[in-house]
Amino acid sequence: MSLDTEGVTITAGQMKAARALLGMSGEGLAKLSGVSLVTIRRAESARGLAGMMRANADAIRRALNAAGIGFIPENGGGAGVRLRKPGEQH
């Protein structure tokens, strides 16, 4: 299942990398996003695109953005994430 939120397809790797950059557990992301831990684990275990309902992906993306993660779209160099500088906009 492809998931496109605001023009950014979220991959399982992006979710895991974002949590790693933040030092955040799956439980922490579940609490911050309001998405169940089971859904997060299932999405992160996928190969490639994280398949889940759009509302869940949007909630996860918003939570990670609020925590300081910027999503990098697939643009020929591969999709990714980065930790934003303090004060940098989403």
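Report follows, based on the coordinates. All values reported here derive from a predicted model rather than from experimental measurement.

1. Looking at the side chain of Ser33
Part 1 of the reasoning: With respect to the secondary-structure elements, Ser33 resides in helix α2 (residues 26-33).
Part 2 of the reasoning: On the basis of relative accessible area, Ser33 is assigned to the buried category, the value being 13%.
Part 3 of the reasoning: Within the structure, Ser33 has its side chain in polar contact with the backbone oxygen of Leu29 (distance 2.7 Å).
Part 4 of the reasoning: In contact with Ser33, other than residues within four places in its own chain, are Ile40, Ala59, Ile60 and Ala63.

2. Some remarks on the nonpolar core
Part 1 of the reasoning: Ranked by size, the top nonpolar core spans 18 residues in total, and within it Met15, Leu29, Ile40, Ile60 and Leu64 carry the most contacts.
Part 2 of the reasoning: Counting residues per element, the ones that place at least two in this core are α1 (12-22), α2, α3 (37-44), α4 (54-66) and β3 (69-72).
Part 3 of the reasoning: Looking at this core, the element that brings in the most residues is α4, giving five residues.
Part 4 of the reasoning: Not counting residues within four places of it along the chain, the set of residues in contact with Ile40 comprises Met15, Gly26, Leu29, Ala30, Ser33, Val35 and Ile60.

3. A short note on the environment of Ala43
Part 1 of the reasoning: Topologically, Ala43 is positioned in helix α3.
Part 2 of the reasoning: Ala43 gets classed as buried once you look at its relative accessible area, which sits at 1%.
Part 3 of the reasoning: For the pair Ala43 and Ile10, spaced 33 residues apart in sequence, the C-alpha separation works out to 9.8 Å.

4. Brief notes about the packing of α2 against α3
Part 1 of the reasoning: α3 packs onto α2 with a crossing angle of 120° between their chain directions and a minimal axis gap of 9 Å. Comparing the axis directions of α2 and α3 gives the class oblique. For the crossing formed where α2 meets α3, the hand is right-handed. Where α2 approaches α3, its residues Gly26, Glu27, Leu29, Ala30 and Ser33 are matched on the opposing element by Leu37, Ile40 and Arg41.

5. With respect to α4
Part 1 of the reasoning: Over its 13 residues, α4 runs 18 Å from end to end, which matches the ideal 18 Å to within 8%, given 1.5 Å per residue.
Part 2 of the reasoning: Positive backbone phi, approximately 115°, marks Gly68, located one or two places after α4.

6. Some words on the pattern of salt bridges
Part 1 of the reasoning: Following the criterion strictly, the structure yields three salt bridges and no others.
Part 2 of the reasoning: Residue Arg41 pairs with Glu27 through a salt bridge whose shortest N-O separation is 3.3 Å. With a gap of 14 residues between them, Arg41 in helix α3 and Glu27 in helix α2 connect regions that are remote in the sequence.
Part 3 of the reasoning: With relative accessibility at 52%, the residue Arg41 sits in the exposed group.
Part 4 of the reasoning: Since its relative accessible area comes to 44%, Glu27 is described here as partly exposed.
Part 5 of the reasoning: Asp58 is paired through a salt bridge with Arg54; the nearest N and O atoms lie 3.8 Å apart. Residue Asp58 and its partner Arg54 are located together in helix α4, separated by four residues, close to a single helical turn.
Part 6 of the reasoning: Judged by its relative accessible area of 22%, Asp58 falls in the partly exposed class.
Part 7 of the reasoning: On the basis of relative accessible area, Arg54 is assigned to the partly exposed category, the value being 46%.

The rules behind the values
- Residues numbered from 1 in each chain as written.
- Predicted model: local features only at pLDDT ≥ 70, side-chain atom pairs only at ≥ 80, totals over all residues.
- Heavy atoms only, no water.
- Helix = DSSP H or I, 4+ residues; strand = E, 2+ residues; numbered from the N terminus.
- Buried < 20%, exposed > 50% of the residue type's maximum accessible area, 1.4 Å probe, protein only.
- Polar contact = N/O pair within 3.5 Å; in protein donor to acceptor, adjacent residues only side chain to side chain.
- Contact = heavy atoms within 4.5 Å.
- Core = buried A, V, L, I, M, F, W, Y, C linked by side-chain atoms within 4.5 Å.
- Axes fitted to C-alpha atoms, helices over the stretch in contact; angles between N-to-C directions.
- Parallel < 35°, antiparallel > 145°, perpendicular 65-115°, else oblique.
- Left-handed = near helix turned anticlockwise from the far one by under 90°.
- Expected span 1.5 Å × (residues − 1).
- Salt bridge = Lys/Arg side-chain N within 4 Å of Asp/Glu carboxyl O.

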